[in-house]
Amino acid sequence: MLKNRLIPNIIVNNGHVVQSRNFKHTNVVGYAITAVDFFNNWAVDEIIILDVSRQPGNRDQFHNIIQGVSRRSFVPMTVGGWIRDTTEINQFLKEGADKVSINTEAVNNPNFISDAAKMFGSQCIVVSIDVKKNQVNEYEVFIDRGRKPTGLHPVEWVKEVEKLGAGEIFLTSIDHDGTKQGYDLKLLQQVCENVTIPVIAFGGVGKWQDFVDGIKIGKADAVSAANIFHYTQQSTFNAKKYLVEAGLNMRMPEFYKLSTPRNPKYTETY
Amino acid sequence: MLAIVDYGMGNVRSIYNAFNLLGEEVCITDDKNTLSSAEAIIVPGVGAFSDGMKNLREKNLLEILEKEVIEKKKPYLGICLGLEFLAEKSLEGGSHTGFGWIKGTVIRLQPNTPSLRVPHIGWNDTMVLKKEGLFKEIQKPTFYFLHSYYLKVDESEKNIITSICDYGGNQITATLQKDNIYAVQFHPEKSQSTGIKLLKNFLDDIRK
């Protein structure tokens, strides 16, 4: 039976892993490679890495990070942040990504979704959707890392991206991000009821029970978080254990030890 | 040396890394001579069936694969799209010809339960039909799947299927083996230690 997934989200700003609150990037946590090493050993089902850097010129550094982490991650990896063309998608896939996440460019140029899905298959294209309540207290899709309103309602937009060929939705509540109040379950339900592709929930997890609620009440297929996994030993392992004990159908939590060879032969150039 | 076929698409890096972890000498190549001298040929794949076939054709890799795998009986490992290519045809976005090494058609997943979504993304259990070979010493055969289409093997060749995965009534061909041809629909290179063990089993099996 298909299992629900637990997915840590690693947010990278100018080469460093950061925490985020309402899309404001706060403290630097450390290096992405270290984070991936821990998560890979601590029973996660997948890893998402997003580049949120605004300064141009840091993109090469981000590509270096992806190459580095892919050598150490033996669970699927989704890479995203500012992806605008299929050439870069291809580059990320070559570097070891399994899926890519598209956000701003999907709204600016919806054909990009269909082009990418046609070229790489729907299963490779995750559309990331950031949602915030607007001034009239209605859900609205925001792009440009939460800065630009689009006038789109999330339900209307997810139906559209599914039609265009997206394979998965990564749904973030900007209002809940970093606030530890749990997922926006109402938003999650609305989205999950209106698509037939899998939905990953993100934003607001403050305790392990929030993951359970995201799946059981919100109807998400997979649950993701960032801040809560940092600074704690075996964080993802413990979260997984909680989910299994709550009766969810997950891969059993186990510690994995995949030791890389003493003298790995990385002869290939990228 | 193991050769991963580079046809311009596919997660070649992940597979390279996985074999590297096993301490294997492995290369990513589209060179005829390298493929000819390799111990085994690995065809990965992320992408659309027709684009993949087109790239293989344009790089003249189809003839090389045919020669090495069918004529010279070199071990072949197909992963995801590398499994689907084996079929006679795929109905992904029209009707497209495959290698035709296996009797069957690649069709779209149509689970009978609305809660089961397409693409089929995530960890799922496989039912192992043949334990020797790829599944040796694997206790919990749970792997990462990432696909919208699957290979439906023709009745006459059903015996080549070594494991299946049930997805809402669709009996997905999860793994198959026909002589020197091995193929898996899921992603062993991304299925943690279980997947790495399966890749090790592949190597053990072709070397025994």
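Shown above is the structure to which this text applies.
Every chain is numbered on its own, with residues counted from 1 as its sequence reads. Here the convention is simple: chains get letters from A, ligands get numbers from 1, in the order in which they are written. Local features in a predicted model are, by the rule used here, given only for residues with pLDDT of at least 70; side-chain atom pairs are given and counted only at 80 or more, and totals for whole chains, interfaces and linings are based on all residues. Side-chain measures were taken over the full set of non-hydrogen atoms in the model, leaving aside hydrogen atoms and water.

A. Representation of the sheet that holds strand β11 (residues 149–153) of chain B in the model. Residue and element names in this part refer to chain B. Pairing is mixed in the open sheet, where 4 strands are placed in the order β6-β5-β7-β11. Each of the sheet's edge strands pairs with one partner strand only, and the pair in question is β6 (96–97) and β11. Where strand β7 (residues 104–108) and β11 come together, 5 bridges link them in antiparallel fashion. Following the sheet pairing, Arg108 is matched in β11 by Tyr149. When DSSP locates at least two bridges between a pair of strands, those strands are taken to pair. Helix and strand definitions here come from DSSP, where helices need a minimum of 4 consecutive H or I residues and strands a minimum of 2 consecutive E residues; each element is numbered from the N-terminal end.

B. Spatial organisation of the packing of aromatic side chains. Between rings of Phe, Tyr and Trp, where Trp is taken as its six-membered ring, a pair exists when centres lie within 6.5 Å; planes separated by under 30 degrees are stacked, by over 60 edge-to-face, and by other angles tilted. Applying the stated criterion across every chain, the model contains 17 aromatic pairs over all chains. Note on Trp208(A) and Phe211(A): the rings are 6.1 Å apart at their centroids and 15° apart in plane angle, and the pair reads as stacked. Of this pair, Trp208(A) and Phe211(A) both sit in helix α8 (residues 208–216), 3 residues apart, roughly one helical turn. Exposure remark for Trp208(A): the relative accessible area of 21% places this residue in the partly exposed category. Buried, partly exposed and exposed residues are distinguished by accessible area as a fraction of the type maximum, computed with a 1.4 Å probe on protein chains only: under 20%, between the cut-offs, and over 50%, respectively. Its relative accessible area of 0% is what places Phe211(A) among the buried residues. Relative to Phe143(B), the ring of Phe135(B) lies with its centre 6.1 Å away and its plane at 75°, an arrangement referred to as edge-to-face.

C. Inspection of the interface of chain B and chain A at higher detail. Whether two residues are in contact is decided by their heavy atoms: any pair within 4.5 Å suffices. Each partner contributes residues to the interface: chain B has 40 residues there, and chain A has 53 residues. Defined here as a combined quantity, buried area equals the accessible surface (1.4 Å probe) lost by two parts on assembly, summed across both. For the chain B and chain A pair, buried surface summed over both sides reaches about 3800 Å², with 53% attributable to carbon and sulfur atoms. A pairing counts as a salt bridge when a side-chain nitrogen of Lys or Arg comes within 4 Å of a carboxyl oxygen of Asp or Glu. Where chain B meets chain A, there are 3 salt bridges. Between Asp98(A) and Lys190(B) there is a salt bridge; the shortest N-O distance is 3.1 Å. Pairs of N or O atoms are called polar contacts if they sit within 3.5 Å, as long as, within protein, a hydrogen donor faces a hydrogen acceptor (for residues adjacent in sequence, only side-chain-to-side-chain pairs). Run the count over chain B and chain A and you get 20 residue pairs in polar contact (both at pLDDT 80 or more). At 7 residues, the largest contribution of residues to the side of chain B that touches chain A is made by helix α1 (residues 12–21) of chain B. Split into classes, the residues belonging to the side of chain B that touches chain A amount to 17 nonpolar, 16 polar and 7 charged. Charged residues are taken to be Asp, Glu, Lys and Arg, nonpolar residues to be Ala, Val, Leu, Ile, Met, Phe, Trp, Tyr, Cys and Pro, and polar residues to be all remaining types, Gly included.

So, to be careful, I would describe these as geometric facts and stop short of saying anything about function.
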